[in-house]
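Chains, contacts and geometry: an overview
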Amino acid sequence: MTPDLLCIGSVLWDVIGRSNAHMRVGADVPGRITRIPGGVALNIAMAARAYGMVPALLSVVGRDPEGDELVAACGRLGLVTDTLYRSDDLPTDIYMAVEGANGLIAAIADAHSLERAGDKILAPLDALAFAGPIALDGNLTDDLLARIATEPRFARADLRIAPASPGKAERLIPFLSHGSATLYVNLEEAGLLLHRDPGDAGEAAGALRARGLHRAIVTDGPRLAACAGPDGLVTRRPPEVMVTRVTGAGDTFMAAHIAAEAEGADAEAALACAVRAAATYVSGDTY
């Protein structure tokens, strides 16, 4: 298969514990624990595949049993996996989260293999001669993200970037001066990049654009979402839904937005498609 989207970043197993109870620190409640393919790059790829795109994965997966299972699962989903770096000495990464009726309670991302693999995951780019959108996630190291932001081969690339978590948002500062990068952040992450109270999503997107960013897309859960780019500012409020899951919602939003634009949607239509997709996802319906 010839890919029309590259997803660079974390490809791992998600271990998610979910409960219908409201939870606080120290809570011990009944629920369900699942293990599913995940990681920011993989979540984006899976969602984009559901919208008809053909994503290729650039990441590291160990040659351990967990890695073999994960690659096989990705292949069954219709993703291009021969672009993965398979390591003999690095284990397959894993993410663990606990979710209650009141949202995400806690999460730990063990993406040490991705960080240690470094630029080895980019090796397939030389053979691909790819000109389509490239989704990056903030689980890459500071050094590798800074290199991508300044390397000539990425200077005109259609980069789509997600922080992966608020704690990694500031890794994306080098992209604020990139000539064609689109940053997908939530309101908290926008505030970290701006080093101030970001206001609402519209204000935050406009402020990031004023800092030099080519395009900023800011979400705020069930509240306003905004896109500020060369053609101005557009906003959209998500539909009200019952929230049954949250892990992966931002990745679904990003994938839907990329897929909509690949189909020719303008800024307003692409944002509307993305907020609908994220709302459908958190409601627990299929997308």
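Residues numbered from 1 in each chain as written. Predicted model: local features only at pLDDT ≥ 70, side-chain atom pairs only at ≥ 80, totals over all residues. Heavy atoms only, no water.

A closer look at the environment of Ala 249
Locating Ala 249 in the fold gives a position in helix α8 (residues 249–262). Separated by 33 residues in sequence, Ala 249 and Val 282 have C-alpha atoms that sit 6.3 Å apart. Residues contacting Ala 249, with those up to four places away along its chain left out, are Ala 278, Tyr 281 and Val 282. (Helix = DSSP H or I, 4+ residues; strand = E, 2+ residues; numbered from the N terminus. Contact = heavy atoms within 4.5 Å.)

Some thoughts on the pairing of strand β11 (residues 182–186)
Burial analysis of β11 places 4 of its 5 residues in the buried class, the great majority of the element. Judged from the 2 bridges that link them, strand β10 (residues 158–162) and β11 form a sheet pairing that is parallel. Of the residues in β11, the one forming a bridge with Arg 160 is Thr 182. In this structure, β11 lies alongside strand β12 (residues 215–219), joined through 5 bridges in parallel fashion. Bridge pairing links Thr 182 to Arg 215 in β12. (Buried < 20%, exposed > 50% of the residue type's maximum accessible area, 1.4 Å probe, protein only. Pairing = 2+ DSSP bridges.)

Quick word on the packing of aromatic side chains
Within the structure shown, the criterion is met by 0 aromatic pairs. The ring of Trp 13 carries the charged tip of Arg 35 above its face, separated from the ring centre by 3.8 Å. (Phe/Tyr/Trp six-rings, centres within 6.5 Å; stacked < 30°, edge-to-face > 60°. Lys NZ or Arg CZ within 6 Å of the ring centre and 35° of its normal.)

Let's talk about the sheet that holds β10
Reading across from one edge, β4-β1-β9-β10-β11-β12-β13-β14 is the order of the 8 strands in this open sheet, with mixed pairing throughout. Edge positions in the sheet fall to β4 (55–58) and β14 (232–236), since each of these pairs with one other strand and no more. Averaged over all pairs of adjacent strands, the angle between strand axes in this sheet comes to 15°, irrespective of strand direction. Sheet analysis places β12 next to strand β13 (residues 225–229), joined by 3 bridges and oriented antiparallel. Opposite Val 218, over in β13, you have Ala 226 as the bridge partner. Each of β11 and β12 is contacted by helix α6 (residues 187–194), which is oriented at about 115° to β11, the strand it contacts most. (Axes fitted to C-alpha atoms, helices over the stretch in contact; angles between N-to-C directions.)

Comments concerning the pattern of salt bridges
A complete count under the given rule lists 14 salt bridges for this structure. For Asp 88, the salt bridge identified is with Arg 63, shortest N-O distance 3.3 Å. Here Asp 88, found in the loop between β6 (85–87) and β7 (94–100), pairs with Arg 63, found in the loop between β5 (60–62) and α2 (65–76); they are 25 residues apart in sequence, far enough to count as distant. Since its relative accessible area comes to 68%, Asp 88 is described here as exposed. Across the salt bridge formed by Arg 153 and Glu 151, the nearest N and O atoms sit 2.8 Å from each other. Residue classification places Arg 153 among the partly exposed residues on the basis of a relative accessible area of 41%. Given the relative accessible area of 17%, Glu 151 is considered buried. When salt bridges that share partners are traced, they join Asp 119, Asp 126, Arg 147, Glu 151 and Arg 153 into one network. (Salt bridge = Lys/Arg side-chain N within 4 Å of Asp/Glu carboxyl O.)

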